[in-house]
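Okay, here's what each chain looks like letter by letter:
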Amino acid sequence: MAGIIAVGDVAFDRHTALVPPGQSPFQDALELFSTADILFGNMESIMLPSDFPKEFIAKNALCSEDHVANFIADAGFDIMNMASNHVLDCGRAGMEHTRKRLESLGVRVTGVSKRNFSPHVPVFCDLNGLRFAFLGFLEENNCTHAAEGDRISYLSGEKSVELARELSKQCDCLVMSIHADMEFQPAPSLPKVELCRKLADAGARIVLCHHPHCPQGVELHNGSLIAYSLGNFHFRIDSYLKTGLPYTSYAQALSIEIGEKGNILSWKRNHFMIRNLELGRPERTSPEESAQIEGYCRGLDAILADPQELRKHWHSSSLEYFKQYWDIFRKKEADEFLQNDLWRIWNQENFNWLAGIRDWTERKQSEKFRNKPAEEHHRP
Ligand SMILES: [Fe+2]
């Protein structure tokens, strides 16, 4: 038997990296973390040495100085996924420095590789007679370019499913970490759900997802556990909350008990709250708060069990995304839109929302057709 604890996005910037000596930004979670055999998280930001030239830092880069690696190692993190959309915010140099800093402190890294190594080689760890394999993936078209990222583990549909099939034969419990999908939505897109279920069917015993910045539901699919979004865990969220997204402050640590054959025995959400929006730290919740958040999360689980509800959410998320871009388009000159925003759509966003719009339109058309009187269908 073994226990895994997994959290979502862990990110530091210059502000959140300022922690008084002797304190941990994960203070309120340390007691829980100490109960984990394996502690896993998603590394959403980049670490740079203090002499890194400022001119090479991208305008919206999510990065901090590299002492934050000590906070992560001291909190007991064993494995961090680095395949996130911010991995190239400070170029390859930033990616490489972050990986090296974490590994130098004993934190193992998945999702990116050393030069001349495949990023699809998982982190193996043997524990209590069980062999675990952890492999992180990043959805393409999400800030990064595949052409520049041969050392980043990109998610690629059937190829990733095939990889799950192969790797599951090499371990007792395959854990896949997926950084993907539309942000700030309470439910995953249908293509994401289909892919995660395929990965599970192919042998992934646990699928841990992140990137939406808010929690989404958890389901057991043919004995495998899929957590569609673990949300933020350590993340400065002041700008997100200003845009009316309260669920970005729900931080959770998912405890999973693994049985003798690598099977899922049980799972549980442990709730925290990011109360200080600028500091972004996970803080304890009262029993009442925990019960209220758990109730909300169970509602999210229920969406996953209802195919119609899931499709409805995907369509409304897609329309929301479409409206956002439509508004940008309307307010700008075509030239400016083509130069600044079309690039963003093309390079930063996954296309699940576009597929959602297409699916929604097709359904509307077929409904219209079905609802017409029969003679109208055959009118010459
Ligand atoms: Fe992300």
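Keep in mind the model is a prediction, meaning the values are calculated, not measured.

When helices and strands are counted, the protein chain shows 11 helices and 17 strands. Radius of gyration (C-alpha) of the protein chain: 21 Å, near the 21 Å computed for a compact globule of 380 residues. With respect to the three principal axes, the spread of C-alpha positions in the protein chain is 80 × 50 × 50 Å. The buried share among the 380 residues of the protein chain stands at 44%.

Taking 1.5 Å per residue, 18 residues should reach 26 Å; helix α7 (residues 287-304) reaches 26 Å between its end C-alpha atoms and fits that length. For α7, the full list of buried residues reads I293, C297, L300, I303 and L304. Relative to the axis of α7, the buried residues are bounded by an arc of 110 degrees and lie together on one face. Exposed side of α7, more than 90 degrees from the buried face: P287, E288, A291, G295, R298, G299 and A302 are the residues found there. Contacts from the buried residues of α7 go to β12 (218-221), β15 (250-258), β16 (264-274) and α8 (307-331).

Tracing the sequence through the fold places S318 in helix α8. The spatial distance from the C-alpha of S318 to the C-alpha of L48 is 36 Å, given a sequence separation of 270 residues. The residues contacting S318, other than those within four sequence positions of it, are W353, G356, I357 and W360.

Definitions and cut-offs
Residues numbered from 1 in each chain as written. Predicted model: local features only at pLDDT ≥ 70, side-chain atom pairs only at ≥ 80, totals over all residues. Helix = DSSP H or I, 4+ residues; strand = E, 2+ residues; numbered from the N terminus. Rg over C-alpha atoms; globule rule 2.2 N^0.38 Å. Buried ≥ 20, exposed ≤ 12 C-beta atoms within 10 Å, placed from the backbone. Expected span 1.5 Å × (residues − 1). Arc of directions from axis to C-beta. Contact = placed C-beta atoms within 7 Å.

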